[in-house]
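# Descriptive structure summary
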Amino acid sequence: MARTLKIPATKYPIERLTLDNGLRVVLAPDRSAPVVGVAVVYDVGIRSEPQGRTGFAHLFEHLMFQGSENLEKLAHFRHVQGAGGSFNGSTHLDYTDYFEVLPAGALERALFLEADRMRGPRLTEENLRNQVDVVKEEIRVNVLNRPYGGFPWLKLPPVMFSTFPNEHDGYGSFEDLESATVADAQEFFQRYYACGNAVLSVAGDFDVAKATAMIERHFGDVPARPAPPRPDFDEPDLSGERREAYTDRLAPLPAVASGWRVPDPIGDFAAYLPYVVLAEVLTDGDASRLVERLVQRDRTATNVGGYIGFMGDEYQVRNPTAMLLQAHLPPGGDADKVLRTVDEELDRLASEGLRPGELARTQARMATHLLRDTDAVLGRALPMAVLEQQRGRPELLNELPRLVGQVTEAQVVAAAATLRPERRATVEVVPGAAQ
Amino acid sequence: MSAKTLPDLMPDAQLKLPRQAERTLDNGLTVIAIRRAAVPLVEVRLRVPFGRAPLARATLLSQALFTGTGTMSSVEIAAELQAVGGGLAAGLDPDRLLVTGNALAGGLERTLEILAGVLTDPAYPAEEVATERERLVDHIQVAQSQPAHLARTALLKRMYGRHPYAVQTPEPEQVRGVRPAQLRALHADRVRPDGATLVLVGDLNPEKAIDAAEKALGGWIGPGRDGTIAAVPPLEPGPLLLADRPGSVQSSLRMALPAVPRTHPDSAPLQLANLVFGGYFSSRWVENIREDKGYTYGPHTSIEHFVAGSALIVAAEVATEVTGPALLETLYELGRIASLPPGEEELEQARRYALGTLRLGMSTQAGLAGLASMYASFGLRLDYLREHSAALAAATREQVAEVASRYLAPSLAVTVVLGDADKVAAPLAALTPVERSDA
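Residues numbered from 1 in each chain as written. Chains lettered and ligands numbered in written order. Predicted model: local features only at pLDDT ≥ 70, side-chain atom pairs only at ≥ 80, totals over all residues. Heavy atoms only, no water.

In the nomenclature of an unreviewed UniProt entry, chain B is known as Putative Zn-dependent peptidase of Krasilnikovia cinnamomea.

Looking up chain A in an unreviewed UniProt entry gives the name Putative Zn-dependent peptidase, with the organism given as Krasilnikovia cinnamomea.

### A look at the overall build of chain B
For chain B, the count of helices and strands is 16 helices and 12 strands. Against the compact-globule benchmark of 22 Å for 439 residues, chain B has a radius of gyration of 24 Å, which places it among compact chains. Principal-axis analysis of the C-alpha atoms gives chain B an extent of 65 × 55 × 45 Å. A total of 439 residues make up chain B; the buried ones form 58% of that total. Residue pairs in contact within chain B that sit at least 24 positions apart in sequence constitute 81% of those at least 6 positions apart. With an accessible surface of roughly 16800 Å², chain B has 53% of that area assigned to carbon and sulfur atoms. Averaged over its 42 positive side-chain charges, chain B has a centre that lies 2 Å from the centre of its 49 negative ones. (Helix = DSSP H or I, 4+ residues; strand = E, 2+ residues; numbered from the N terminus. Rg over C-alpha atoms; globule rule 2.2 N^0.38 Å. Buried < 20%, exposed > 50% of the residue type's maximum accessible area, 1.4 Å probe, protein only. Contact = heavy atoms within 4.5 Å. Areas by Shrake-Rupley, 256 points an atom, 1.4 Å probe, with all protein chains shown as cover. Lys, Arg positive; Asp, Glu negative; His and termini not counted. Charge placed at Lys NZ, Arg CZ, Asp CG, Glu CD.)

### A closer look at the domain arrangement of chain B
Where interface size is quoted, it is often the accessible area lost as the parts come together. All names here are of chain B. Looking at the assigned domains, one finds that chain B contains domain 1 (20-217) and domain 2 (240-438). Relative placement of domain 1 and domain 2: their C-alpha centres are 29 Å apart. In this assembly, 36 residues from domain 1 lie in contact with 30 residues from domain 2. Carbon and sulfur atoms make up 65% of the surface buried where domain 1 meets domain 2, a total of about 2700 Å² over both sides. Of all residues in domain 1, Arg 36, Arg 47 and Leu 155 bury the most surface against domain 2, accounting for 19% of the area lost on that side. Taken together, the links from domain 1 to domain 2 amount to 2 salt bridges. Taken together, the links from domain 1 to domain 2 amount to 11 residue pairs in polar contact (both at pLDDT 80 or more). Among the secondary structure elements, those contributing two or more residues to the side of domain 1 that touches domain 2 are strand E1 (20-24), strand E2 (30-35), strand E3 (41-49), strand E5 (96-104), helix H5 (147-160) and strand E6 (197-202). It is H5 that provides the largest number of residues to the side of domain 1 that touches domain 2, a total of 10 residues. (Domains from an automatic or database assignment. Buried area = accessible area lost by both parts, 1.4 Å probe. Salt bridge = Lys/Arg side-chain N within 4 Å of Asp/Glu carboxyl O. Polar contact = N/O pair within 3.5 Å; in protein donor to acceptor, adjacent residues only side chain to side chain.)

### Some thoughts on the packing of aromatic side chains
Under the defined criterion, the tally for this structure stands at 24 aromatic pairs over all chains. Summarising the aromatic geometry, the rings of Tyr98(A) and Tyr193(A) are spaced 6.3 Å apart at their centres and angled 65° between planes, so their arrangement reads as edge-to-face. Residue Tyr98(A) is found in strand E5 (residues 96-103), and its partner Tyr193(A) is found in the loop between helix H8 (182-192) and strand E6 (198-204); the two are separated by 95 residues along the sequence. Considered together, Tyr98(A) and Tyr193(A) belong to a single accessibility category, that of buried residues. Connected via pairs of aromatic rings, a cluster forms that spans Tyr42(A), Phe56(A), Phe60(A), Phe65(A), Phe77(A), Phe87(A), Tyr98(A), Phe188(A), Phe189(A), Tyr192(A), Tyr193(A) and Phe281(B). Sitting over the ring of Phe65(A), Arg117(A) keeps its end group 4.5 Å from the ring centre. Against the face of Tyr246(A) rests Lys155(A), its NZ or CZ located 4.9 Å from the ring centre. (Phe/Tyr/Trp six-rings, centres within 6.5 Å; stacked < 30°, edge-to-face > 60°. Lys NZ or Arg CZ within 6 Å of the ring centre and 35° of its normal.)

### Quick word on the domain arrangement of chain A
All names here are of chain A. By domain assignment, chain A separates into domain 1 (15-219) and domain 2 (242-431). In this complex, domain 1 contributes 46 residues to the contact, which on the side of domain 2 involves 47 residues. When the buried surface of domain 1 facing domain 2 is broken down by residue, Tyr 148, Phe 151 and Val 159 rank first, second and third, together holding 19% of it. When the shortest N-O distance is used, the salt bridge between Arg 16 and Glu 388 registers 2.8 Å. Put simply, domain 1 and domain 2 have 17 residue pairs in polar contact (both at pLDDT 80 or more) between them. Examining the composition of the side of domain 1 that touches domain 2, we find that 7 residues originate from one element, strand E3 (residues 35-42), more than from any other. Its residues placed into classes, the side of domain 1 that touches domain 2 shows 26 nonpolar, 10 polar and 10 charged. (Nonpolar A, V, L, I, M, F, W, Y, C, P; charged D, E, K, R; others polar.)

### Quick look at H5(B)
All names here are of chain B. In a regular helix each residue adds 1.5 Å, so 14 residues correspond to 20 Å; H5 covers 20 Å between its end C-alpha atoms and thus fits that length. For H5, the complete set of buried residues consists of Pro 147, His 149, Leu 150, Ala 151, Ala 154, Leu 155, Leu 156, Met 159 and Tyr 160. Residues of H5 that are buried sit in contact with helix H4 (126-143), strand E7 (240-244), strand E8 (250-258), strand E9 (300-306), strand E10 (309-319) and strand E11 (414-419). Residue Gly 161 follows H5 closely and has a positive phi angle near 55°. (Expected span 1.5 Å × (residues − 1).)

### Some remarks on the UniProt feature "domain: Peptidase M16 N-terminal" (unreviewed entry) in chain A
Cross-referencing UniProt, the feature "domain: Peptidase M16 N-terminal" (unreviewed entry) maps to residues 24-141 of chain A in the present numbering. A helix fraction of 38% and a strand fraction of 24% characterise residues 24-141 of chain A, whose end C-alpha atoms lie 36 Å from each other. (UniProt positions renumbered as here; feature names shortened; annotations may be inferred.)

### Quick look at the interface of chain A and chain B
With 79 residues of chain A at the interface, the matching set in chain B holds 81 residues. Considering only the surface of chain A that becomes buried against chain B, Asn145(A), Arg299(A) and Asp375(A) emerge as the three largest contributors, covering 10% of it. Counting every contact that joins chain A to chain B gives 7 salt bridges. For the pair chain A and chain B, the number of links is 34 residue pairs in polar contact (both at pLDDT 80 or more).

### A look at the environment of Gln146(B)
Along the polypeptide, Gln146(B) turns up in the loop between H4 and H5. Relative accessible area serves as the criterion here: at 22%, Gln146(B) is assigned to the partly exposed category.

### Concerning the nonpolar core
Formed by 123 residues in total, the largest nonpolar core has its most connected members in Phe60(A), Tyr193(A), Leu200(A) and Phe219(A). With sequence-adjacent residues up to four places away left out, Phe219(A) is seen in contact with Leu19(A), Asn21(A), Leu23(A), Leu111(A), Glu114(A), Ala115(A), Met118(A) and Leu200(A). (Core = buried A, V, L, I, M, F, W, Y, C linked by side-chain atoms within 4.5 Å.)

### Examining the pairing of E10(B)
Residues and elements named next belong to chain B. E10 sits mainly inside the fold: 11 of its 11 residues count as buried. Here E8 runs beside E10; their pairing, made up of 9 bridges, is antiparallel. Bridging across to E10, Arg 254 finds its partner in Ala 315. Strand direction decides the pairing type here: E9 and E10, joined by 7 bridges, are antiparallel. Counterpart to Thr 301 in the pairing with E10 is Val 314. Between E9 and E10, which pair antiparallel and follow one another directly, the connecting turn spans 2 residues. (Pairing = 2+ DSSP bridges.)

Spelled out as structure tokens, the structure:
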């Protein structure tokens, strides 16, 4: 039997503070490398988009880079990169993030840049039209011009969910993007980009007292605006199996993805966490249940993946969300057969339990993944900002390897037992490319 | 409201290289161990010289390397690695077989033992190889439907002609013909310690980590095989090659330009010239075709180094209807960098970016392991970071301009466009001679 190791954890010290204007701040100092990561997370994402404005949260993310109160268009990029750093932003279902990683001596510059756009981005007609074009190219390169584009993150939600916030296309339709106006953008900024709706976090090589003074200096005069009320996006679980298929004209081979609703990741974390472990038991590596069965033994799939959250951000998503399994199939592959086998393996897990060592080794590998991510300053700054925003608990990042290690076999088995066919939503890719 | 001023940058501290040790074992394997203890993990990188290996067999070997040993099945290998938080995977480039992985720090010895088993006692069981063969064929088939892959394939052929680098992905038919016995023979012939490099980075004591590697891998023996590949031929500019992909809603624009190895005196100024032209977001080309004109989402240029040669690659996916104008702007920006010296501030900004990203790249275990392993396969060590930083700091505006005129001139470019040929041929032909082919 495999030897197992005790699961270690990280002990990054964490300081939290709130400025007078309501901006929450998380600081995680670590002097092991002369670099800093800065993240600002706003509590607005794809699920908050108004009807008729699909893709707007993401389009707005682009506009936040187009100049601000004291900065011309292009200045943000030049100042970050001219300080030796890198930047980006990304739009998720429940939040939008902006981040920089830089040599430690550039910390104050990054804080200045983030504060300036928190006070007000330059929302002009010219910038809006330019970024609508850029976003259309982004959609072409990631969805329209590529096989399996948007599978399954854009394709499964409309099968699984029934309300606009949860089911609509987060990249947006060209029609909606083109009809966006500067007034829409101003309203979106006023409502959601309030400092009371944001979290700033800094991780890496800095002195806490000095960084706190810099943060006061740059963010202290951002006008106070409270967070808007956040709607509950919950909707009822499926009452029967749902299934759809679509033809992908570029795809040469079939593929299939299924999702099942899981417990509230924040309101019921203890019930939720076993599903995160279950996904790995099923799909992490050649020794996992479904890879061994579907890929190695039956050869009914060429690869299998399992994870929670449509964007794979299992600790940064709110309710409702789902556990996903996706598989790419060989030529002529049969999605029904794959689904039947998945059901069979879930039944087996639920009735016979885990094999000796199976849980411990899965937890050890999960710990490696968690620890590895936190080695990068942004791998701390970003999740800590979201954990503060959604849970008020950035220190959860330090605790995750241990908490994952404490999930029991009984909990994983019980989770597997809930993944019934009648609670499942499935989307199938029918290959449309000539073989 | 009063205007606010940008805060100054605090000067960077001296570049500090981490604690490390190196030893070449009796079997010819060089082991480099580097300490970065921020998280309790280790990163593992093994590069084995693999130049001139038959492509289909070598590719399948890399996919099937972990399918079994004399004493362990593929599932046992995966489970035993997982038990120490570990995972290993293999890949192939035109010069090397590369094994990449990581584990909890306490699992280093066990990970090395399992790696040793795979290297010294491979089984390539018929069933498992058959599974991996079919998967590889499927993966290649999917890759061949990806525009980025097709454009890359067309560009490599156009750049390298009959040189071995011209084809880097085998055809499905070639893979279907590979038998397990051929993998065993190739493994016995080429998966050898002589000339290979093992890099270990993480929460470790460098000397003790090398001892552990010596204990586990000392028994991996066998003569090295000369895999030297002839230097790549010079690029031959000619008509733009237009590869047809009917129905494409975007065109994939690719160019290759000459470049030099990392150790060449032109390397640092050329890197700076590339940055000013198109090598980072704040470059002229990206600001032009994305932020001014909205033709594209993620244009990028980079200098690629292989053992037998280097090249500067320009890549953008642009909307079908602006394919001609996007090529025009690209040629314009290449002409501008090749004809006029960069601005002082523009060069300083590129220089600070180049120096900063070197520091960012070495700030994680995985980043350090990747850098150290990549440098080692070119005969370099981490102190190259210091030398290259000094060269970047010293490069003058005149040097950058001079190098740009010699390497970045549009007349030197080899150009390939993959897209809907019926729609883009005429606009492209208005700018340059065009030769059509099927994708």
